[in-house]
Amino acid sequence: FEFFFFFYNRKSAKKKVQKMDKIYLDNAATTPLAEEVIDAMVQVMKVNYGNPSSTHSLGQEAKILIENVRREVADYLHVSPSEIIFTSCGTESNNMIIKSCVNHLGVERIISSPMEHKCVAETVLDMKKRKGVEVVYLRPDHKGDFNLEELQELLKSSEKKTLVSLMHANNEIGNLLDIKKVAQICKENNALFHSDTVQSMAHMELDFSEIPVDFASCSAHKFHGPKGSGFAFVRKSSGLKGIITGGPQERTLRAGTENVCGIVGLGKALELSLKNMAEYSAHIKAIKKYTVEKLSAEIEGIKFNARSAEEDKSLYTVLSLLLPFKDPMIGLKLDMKGIAVSQGSACSSGAAKPSMVMMMILDEEEMQDSTPLRVSFSHLTTKEQIDALVEALKEIAEPFKIEKTNIAHR
């Protein structure tokens, strides 16, 4: 009944929401485009409309723009430009890497985890179903951490060619993986290592000359760039081959005319992120700390999932909460108050059941009596917005507090 009640009243609430400033706290799902990125993309669409594969000057001008961005990305990661392959997004990059490892590199075994993004989890299962690949999962503890000694043992336990696929920063709880250590373990055991770095790319310093990862992925829209533009890092010694054929574009690893304006947008967003990384990260870390302190003081019984509230062990842009009451309508209620947040991954937000990540780290009682919520920040987030979120959550929590009090007095 409550579900239909809110949708029935959403039209009347819509006018009220339109009058207030929207508060956007779902930056792990996507980020607003930077004005400089829009300007750079518009310029390309107006002027540099040539096909990069064409030999005439208009085509070659477009090609130069792409190669300039490729060098910029390579410089950031301390790799060769030939190891950067432009794609449409992190999902495509992850699909290309995992499927090609099985189809072209002879991978017979994949070690992954139940905490991965759906584009990795479902691709791994697809390779199991279609190609008979053995799939082994590392199980996290209640803090979302993995036992890397277990990974070492798993790699030593089989002669099969193995791909390890573990994300760098979890998109729901923000836990950071020690990818350098994992990469070294994989190298010592002749295994390939792929890391979904979509959430951490352009938010942290990443040096792939020091971190021997074989493959990684990126989506521009996670750092104020355009949707529909991303890249894969493919170590040139890996021998990976493309799964989209039909042309020599992107070193034959990804056929099709390149998205020039999207790639330029990615490049401009990366340039801004790197230029302002110290300033942006300091601001967001302060906002995250303020959020933790404010919520802890104002919402009795609130918890923070996994390592989410620990500065040195989680990505500074993500905070995962556990509210001390059960309310599956929490996202909608906040939306009606003009606040955009997520109850989990954007790719799973329409699901009726809890995400796999939450099922891995929460016990049965927490699943039954609490509500997970993901708040994710950018350099545009303000303390005033956090204050508004906290006040909204206090209002939503009040009926549940009264109900608990009534039950206690019966």
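Residues numbered from 1 in each chain as written. Predicted model: local features only at pLDDT ≥ 70, side-chain atom pairs only at ≥ 80, totals over all residues. Heavy atoms only, no water.

1. Description of the sheet that holds strand β9 (residues 303-304)
Taken in spatial order, the three strands line up as β9-β10-β12 in an open sheet, and their pairing is antiparallel. Each having just a single partner strand, β9 and β12 (371-376) make up the two edges of the open sheet. Direction of pairing for strand β10 (residues 318-323) relative to β12: antiparallel, over a ladder of six bridges. Bridge pairing in β12 links serine 320 to arginine 374. Where helix α9 (residues 277-298) meets the sheet, it contacts β9 and β10, and its direction lies at approximately 10 degrees from that of β10. (Pairing = 2+ DSSP bridges. Helix = DSSP H or I, 4+ residues; strand = E, 2+ residues; numbered from the N terminus. Contact = heavy atoms within 4.5 Å. Axes fitted to C-alpha atoms, helices over the stretch in contact; angles between N-to-C directions.)

2. Some remarks on the pattern of salt bridges
Per the stated rule, a full pass over the model turns up 20 salt bridges. Taking the shortest distance from any N to any O, the salt bridge between glutamate 67 and lysine 63 comes out at 3.7 Å. With glutamate 67 and lysine 63 both in helix α3 (residues 57-77), this residue pair falls four residues apart, about one helical turn. Judged by its relative accessible area of 15%, glutamate 67 falls in the buried class. A salt bridge links glutamate 310 to lysine 143; the nearest nitrogen and oxygen atoms lie 3.7 Å apart. Of this pair, glutamate 310 sits in the loop between β9 and β10 while lysine 143 sits in the loop between β4 (134-137) and α6 (148-156), and the two are 167 residues apart along the sequence. When salt bridges that share partners are traced, they join Lys63, Glu67, Arg70, Glu250 and Arg251 into one network. (Salt bridge = Lys/Arg side-chain N within 4 Å of Asp/Glu carboxyl O. Buried < 20%, exposed > 50% of the residue type's maximum accessible area, 1.4 Å probe, protein only.)

Geometric descriptors of this kind do not, in isolation, establish any biological role.
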